[in-house]
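These are the residues of each chain, in order.
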Amino acid sequence: MFQNIETAKQKEQMGHLMWVSAQVAKKEGLEENGYRIVINNGKHGCQSVYHLHIHVLGGKQLGWPPG
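Quick summary incoming for the structure in this document. Since we're looking at a predicted model, the values are computed, not measured. (Residues numbered from 1 in each chain as written. Predicted model: local features only at pLDDT ≥ 70, side-chain atom pairs only at ≥ 80, totals over all residues. Heavy atoms only, no water.)

**So, the overall build of the chain**
Okay, step 1: Helix and strand counts for the chain come out as one helix and two strands.
Okay, step 2: Ordered by position from the N terminus, the helices and strands of the chain form the series α-β-β.
Okay, step 3: Its C-alpha radius of gyration of 14 Å places the chain more than 25% over the 11 Å reference for a compact globule of 67 residues.
Okay, step 4: Seen through its principal axes, the chain has C-alpha atoms that stretch 40 × 30 × 20 Å.
Okay, step 5: The buried share of the chain, reckoned over its 67 residues, is 7%.
Okay, step 6: Across the chain, contacts joining residues at least 24 apart in sequence account for 37% of those joining residues at least 6 apart.
Okay, step 7: With the model as given, the accessible surface of the chain reaches about 5900 Å², and the carbon-plus-sulfur share is 55%. (Helix = DSSP H or I, 4+ residues; strand = E, 2+ residues; numbered from the N terminus. Rg over C-alpha atoms; globule rule 2.2 N^0.38 Å. Buried < 20%, exposed > 50% of the residue type's maximum accessible area, 1.4 Å probe, protein only. Contact = heavy atoms within 4.5 Å. Areas by Shrake-Rupley, 256 points an atom, 1.4 Å probe, with all protein chains shown as cover.)

This is the structure in structure tokens:
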């Protein structure tokens, strides 16, 4: 399947952001007990800052379902 360069670059960047998120979790000591990576998108996703950013949550037992 053909993929344009922009889409391929966006996929590469997203993968890099996920990798960096894991590195942040490790640096913050969250790796052993686990953590959650959250990306909010749009009004119903409770996005309040309209640009891509990633939340790394951990350090305590998180509930499910979230919210």
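**Quick notes on the pattern of salt bridges**
Two side chains carrying opposite charge are able to pair once their charged atoms lie near each other.
Okay, step 1: Tallying each qualifying case throughout the model produces one salt bridge.
Okay, step 2: Among the salt bridges present, the one from Glu-12 reaches Lys-9, with a minimum N-O distance of 3.8 Å. One end of the pair, Glu-12, and the other, Lys-9, are both in helix α1 (residues 5-27), three residues apart, so they sit about a helical turn from each other. (Salt bridge = Lys/Arg side-chain N within 4 Å of Asp/Glu carboxyl O.)

**Some words on the layout of surface pockets**
Okay, step 1: Each pocket or cavity is described by its volume, and for the largest pocket that value is around 150 Å³.
Okay, step 2: Taken together, Gly-29, Leu-30, Asn-33, Gly-34, Tyr-35, Arg-36, Gly-58, Gly-59, Lys-60, Gln-61 and Leu-62 form the lining of the largest pocket. (1 Å grid on protein atoms, 1.4 Å probe; cavity = no way out; pocket = protein on both sides within 12 Å on 5 of 7 lines; lining within 4 Å. Points joined across faces, edges and corners; volume = space filled by probe spheres on them.)

**A closer look at the environment of Gln-13**
Okay, step 1: By the element assignment, Gln-13 lies in helix α1.
Okay, step 2: We classify Gln-13 as partly exposed; its relative accessible area is 42%.
Okay, step 3: Sequence spacing of Gln-13 and Gln-47 is 34 residues, and the spatial spacing of their C-alpha atoms is 20 Å.

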